[in-house]
Amino acid sequence: MVFEKSFLVKGDIVYSDAIDHIVTHENSYLVCENGLVQGVFKVIPEQFAAFPLHDYEGCLIVPGMTDLHLHAPQHTFRGLNMHLELIDWLEHVAFPEEAKFKDLAYAKESYEIFARDLKNSATTRACVFATLHKKATILLMDILENTGLKCMVGKVNMDRNSPDYLTESTKDSIENTIDWIESTAKAYENTKPMVTPRFIPSCSDELMVELGRICRKYRLPLQSHLSENTNEIDWVNELCPDASGYADAYMKTGTFGGEVPTIMAHCVHLTEEEVHLIKDQKVYVAHCPSSNNNIMSGIAPVRHYIEEELNLGLGSDIAGGDSMSMFRVIVETIKSSKIYTTFVDRSSRPLTSKEVFYLATKGGGSFFGKVGSFETGYEFDALVIKDDIWKNPRGFTMEERLERALYSAEDRDIIVKYCAGNRIK
Ligand code: GUN
Ligand code: FE
């Protein structure tokens, strides 16, 4: 009998099956069969008795986390230069660094460090921006493929309002995108291309319309930025006088959900009309609180988005965000929602750690399919967290152990990590 991707994991199992609900199974067996969860059991069922046992007794076992939005080339300056707001930060910090990725030696060295750090983190799935450079983007995909993480990666499109050293003509941008898709769409097991117009200010209407067509032709998802900063929104309104707002500017070019699975990062300052459009088009919102705080974009009203039942996940937004750790993003989400309640809207209930754990696992994971939970049939993405260092005489319930881990865990506390049934750490 071959046991490839079929095994039992023993430990203290915790996962979310709904936004306000956590399931716990202390000292139990989680069954992975052919890479999929087959259930959680107190006693090993007969039909799985021959599966190899991975014994992590006393450790917490939680689903892997999804980072719905981060920029691989920006990892080089993580934690630096956050004294500017978005537009100036792009011009003076992000664009000059991204330009360096034309140099493949620089790209290789930087992307290897990025991939190593992502592999060691709580993230098992990620939607990643590269740069506009085709070759460097393929290199990033090659490197990520070897980590065992499941990633969607985008060659960035920029054909206007961009510095001379980081722009393409409309024609080149389209041709390079098609070339890149054709050489990567079927090349990997773990890594897939994702169409990535940077944002409306840096992409002409002609380019956007073509990118929408490309998504439909090649059946690819799309990622971009939406309503992050108020100056950015004013700029989009000037650039797109025929659109009723920022979201409509995407909608008018066929790049906003519907048959194209779409992630929009930030969504800090949406109008109600835009909230409804996002819901109707089933667009995913990547909430990026660390970045929103660092570059002073504002606080997204996440409680409202939950009440409106938007598709919602979390993004580290490296390097607007300062940490790739989804644990840190979770805590920043909770704290930001409390500041929102305190200073913006006393009637908005702050988010709980239980709710934000859901967003980091099943919420964002659902963009990848049945991902981010241990319900039967889900892909087996799991983190084994050694949490005994936080034990004390008080004693903790499973839910309390999870909450403490979210606040305290570092990458080193994740002793083992699985993605789609493969052990990757
Ligand atoms: N909007 C357009 N590009 C970017 C980027 O690189 N980072 C962030 N935070 N927002 C953007
Ligand atoms: Fe971003």
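Residues numbered from 1 in each chain as written. Chains lettered and ligands numbered in written order. Predicted model: local features only at pLDDT ≥ 70, side-chain atom pairs only at ≥ 80, totals over all residues. Heavy atoms only, no water.

### Things to note about the environment of Thr 24
By secondary structure assignment, the location of Thr 24 is in strand S2 (residues 21-33). For Thr 24, a relative accessible area of 34% translates into the label partly exposed. Linking Thr 24 and Met 398, residues 374 residues apart in sequence, is a C-alpha distance of 6.6 Å. The contacts of Thr 24, once residues within four sequence positions are left out, are Ile 13, Val 14, Met 398 and Glu 399. (Helix = DSSP H or I, 4+ residues; strand = E, 2+ residues; numbered from the N terminus. Buried < 20%, exposed > 50% of the residue type's maximum accessible area, 1.4 Å probe, protein only. Contact = heavy atoms within 4.5 Å.)

### Section: the coordination of the iron ion (ligand 2)
His 69 (NE2), His 71 (NE2), His 225 (NE2) and Asp 317 (OD) make up the full set of protein donors to the iron ion (ligand 2), lying at 2.0 to 2.4 Å. What the four donor atoms of the iron ion (ligand 2) show is an angle range of 86 to 173 degrees at the metal, which sorts the shape as irregular. Each donor residue of the iron ion (ligand 2) belongs to the same chain, with the gaps between them written as H-x1-H-x153-H-x91-D. Judged by relative accessible area, His 69 falls into the buried class, the value being 1%. (Donors = N, O, S within 2.8 Å, 3.2 Å for Na, K, Ca; no water. Tetrahedral: all angles 85-135°; square planar, octahedral: opposite > 155°, others 65-115°.)

### Quick notes on unusual backbone geometry
The omega angle of the peptide bond from Ile 318 to Ala 319 is 5 degrees, so this bond is cis rather than trans. The phi angle at Asn 34 is positive, at roughly 50 degrees, despite the residue not being glycine. Looking at where Asn 34 falls in the secondary structure, it is placed in the loop between S2 and strand S3 (36-41). When its relative accessible area of 58% is taken as the criterion, Asn 34 is described as exposed.

### Description of helix H1 (residues 86-99)
Along H1, the helix axis deviates most sharply at Val 93, where the bend reaches about 30 degrees; the proline Pro 96 sits within four residues downstream. By the burial criterion, the buried members of H1 are Leu 86, Trp 89, Leu 90, Val 93, Ala 94, Phe 95, Glu 97, Glu 98 and Ala 99. The secondary structure elements touched by the buried residues of H1 are strand S5 (65-71), helix H2 (104-120) and helix H6 (230-239). (Bend = angle between axes of the 7 residues up to and from the residue.)

### Remarks on the sheet that holds strand S6 (residues 123-129)
Read across the open sheet, the four strands follow the order S5-S6-S7-S9; overall the sheet is parallel. If you trace the sheet from one side to the other, it starts and ends with S5 and strand S9 (191-193), each paired once. Taking the axes of each pair of neighbouring strands and ignoring which way they run, one obtains an average angle of 20 degrees across the sheet. Sheet topology note: the strand S7 (residues 150-154)/S9 ladder contains three bridges and is parallel. Bridge pairing in S9 links Met 152 to Lys 192. The strands that helix H3 (residues 134-145) touches are S6, S7 and S9; relative to S7, the one it contacts most, it runs at about 175 degrees. (Pairing = 2+ DSSP bridges. Axes fitted to C-alpha atoms, helices over the stretch in contact; angles between N-to-C directions.)

### Side note on the side chain of Asn 229
Turning to its location among the elements, Asn 229 is positioned in the loop between strand S11 (222-226) and H6. A residue is classified by how much of its surface remains accessible, and Asn 229, at 2% relative accessible area, is buried. Separated by 3.4 Å, the side chains of Asn 229 and Glu 85 make a polar contact. Among the polar contacts listed, one links the side chain of Asn 229 to the backbone nitrogen of Asn 231, at a separation of 2.8 Å. Excluding anything up to four places from it in sequence, Asn 229 contacts Glu 85, Leu 86, His 269 and Ser 297. (Polar contact = N/O pair within 3.5 Å; in protein donor to acceptor, adjacent residues only side chain to side chain.)

### With respect to the site of ligand 1
For ligand 1, the full set of nearby residues is His 71, Gln 74, Leu 86, Trp 89, Leu 90, Arg 198, Phe 199, His 225, Glu 228, His 266, Ser 291 and Asp 317. At a separation of 2.7 Å, an oxygen atom of ligand 1 approaches a polar side-chain atom of Arg 198. Side-chain polar atom of Asp 317 to a nitrogen atom of ligand 1: 2.8 Å apart, as the coordinates give it. Protein chains shield 100% of the accessible area of ligand 1, which is 280 Å² for the free molecule. The element that contributes the greatest number of residues to the shell around ligand 1 is H1, accounting for three residues. A per-class count over the shell around ligand 1 returns four nonpolar, five polar and three charged. (Near = heavy atom within 4 Å. Areas by Shrake-Rupley, 256 points an atom, 1.4 Å probe, with all protein chains shown as cover. Nonpolar A, V, L, I, M, F, W, Y, C, P; charged D, E, K, R; others polar.)

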